[in-house]
Amino acid sequence: MLLIHCPYCGEDRPELEFRHAGEAHVVRPDPISEISDEEFEAYFFIRDNPKGLTYERWRHMHGCARFFNAVRDTVSDKFVTTYKAGNPKVEIERGEDGIARVKGDGQ
Amino acid sequence: MAEAVATRTSPLDGLIAGSVGVAIAQAAPAHRISLRVGADGIPALNKALGLDLPTEPKKSVTAKSGRMALWLGPDEWLVIDEKGDPMADVAGVDAFFSVVDVSHRNTAIKVAGRGARATLEAGCPQDVTDDAFPIGACSRTVMGKIEIVLMRTDANAYRIECWRSFAEYAFEFLSDAAHDCMA
């Protein structure tokens, strides 16, 4: 079974306890009442859906119930890292071996 | 005219299950509260409840009175008490917190014996080996198709809290798993 690291529980937990919760770092326009329909569409409906590394929100639904952010490779389904909600976007780099890691983490 | 008498019943009244290595039975009725409070309010609630709410993941605390507080999330606890009512104790506390009486939402099943862990592992994907889940550890997790709150009460004993409407499913699931627990 896939194990996912919950940054609030501080350990790897089985994937069955988690729920995917959409793209991460989507910023709500402020003031939202003054944006155009096109801007609202872009904010509300349009998502990246990349092949490769993606930033996502996940929720430890059947555990501590917290939302957190994760970086996942959509090709290998491997989680690169997870971090608490509200924290800045973690930078990821792909090493010469092709494996994605948190920037500065080295091997 | 006959006098109407309301009798409280438990969803698992009278049920007993198990096998050579494990005994499965319902736990005694208990008061339960779901407690949400930030770090600022913890000291006041500790005083009112008569225990120190655990602040680390998967930790539980059992007071001398038998009252238990289980860490469920960074600001969430489940308090279980088979005697006193924790709802009454926190009612007058002057702090910013939220509390809901869930005594009748939950019911609990006790699983005990040499085969208890194997019985549990039939449906719970979490690591419940000694290092990862020592005595006193607790966690919200899943078992089969339902969400449970699992607590290890002794070396070979677990308490499984589940929603009342799922109690029959949980009991049947554990009963089936018990047959193979010593294999």
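The structure presented is a predicted model; accordingly, all values stated were derived computationally and were not measured. (Residues numbered from 1 in each chain as written. Chains lettered and ligands numbered in written order. Predicted model: local features only at pLDDT ≥ 70, side-chain atom pairs only at ≥ 80, totals over all residues.)

1. A word on the pairing of strand 3 (residues 31-37) of chain B
Residues and elements named next belong to chain B. Summarising burial for strand 3: five of the seven residues are buried, a large majority. As defined by bridge partners, strand 3 adjoins strand 6 (residues 76-81) across six bridges and the pair is classed as antiparallel. Paired with H31 across the bridge in strand 6 is D81. (Buried ≥ 20, exposed ≤ 12 C-beta atoms within 10 Å, placed from the backbone. Helix = DSSP H or I, 4+ residues; strand = E, 2+ residues; numbered from the N terminus. Pairing = 2+ DSSP bridges.)

2. What to know about the interface of chain A and chain B
Counting residues at the interface gives 13 residues for chain A, matched by 12 residues for chain B. Here the side of chain A that touches chain B is composed, by residue class, of seven nonpolar, three polar and three charged. (Contact = placed C-beta atoms within 7 Å. Nonpolar A, V, L, I, M, F, W, Y, C, P; charged D, E, K, R; others polar.)

3. Comments concerning the domain arrangement of chain B
Residues and elements named next belong to chain B. The domains assigned to chain B are domain 1 (16-28 + 106-178) and domain 2 (31-101). Each side of the interface is counted separately: domain 1 has nine residues, and domain 2 has eight residues. Within the residue set of the side of domain 1 that touches domain 2, elements represented by two or more residues are strand 9 (138-143) and strand 10 (146-154). No other element matches strand 9, which puts three residues into the side of domain 1 that touches domain 2. (Domains from an automatic or database assignment.)

4. Some thoughts on the sheet that holds strand 4 (residues 53-59) of chain A
Residues and elements named next belong to chain A. Pairing within the open sheet is antiparallel, and its four strands lie in the order 3-4-5-6. Of all strands in the sheet, those with a lone pairing partner are strand 3 (19-23) and strand 6 (79-84), marking the two edges. Across this sheet, the average inter-strand angle for adjacent strands is 35°, counted without regard to direction. Bridge count between strand 5 (residues 67-73) and strand 6: five bridges; the pairing is antiparallel. Looking across to strand 6, one finds that R72 is bridged to F79. (Axes fitted to C-alpha atoms, helices over the stretch in contact; angles between N-to-C directions.)

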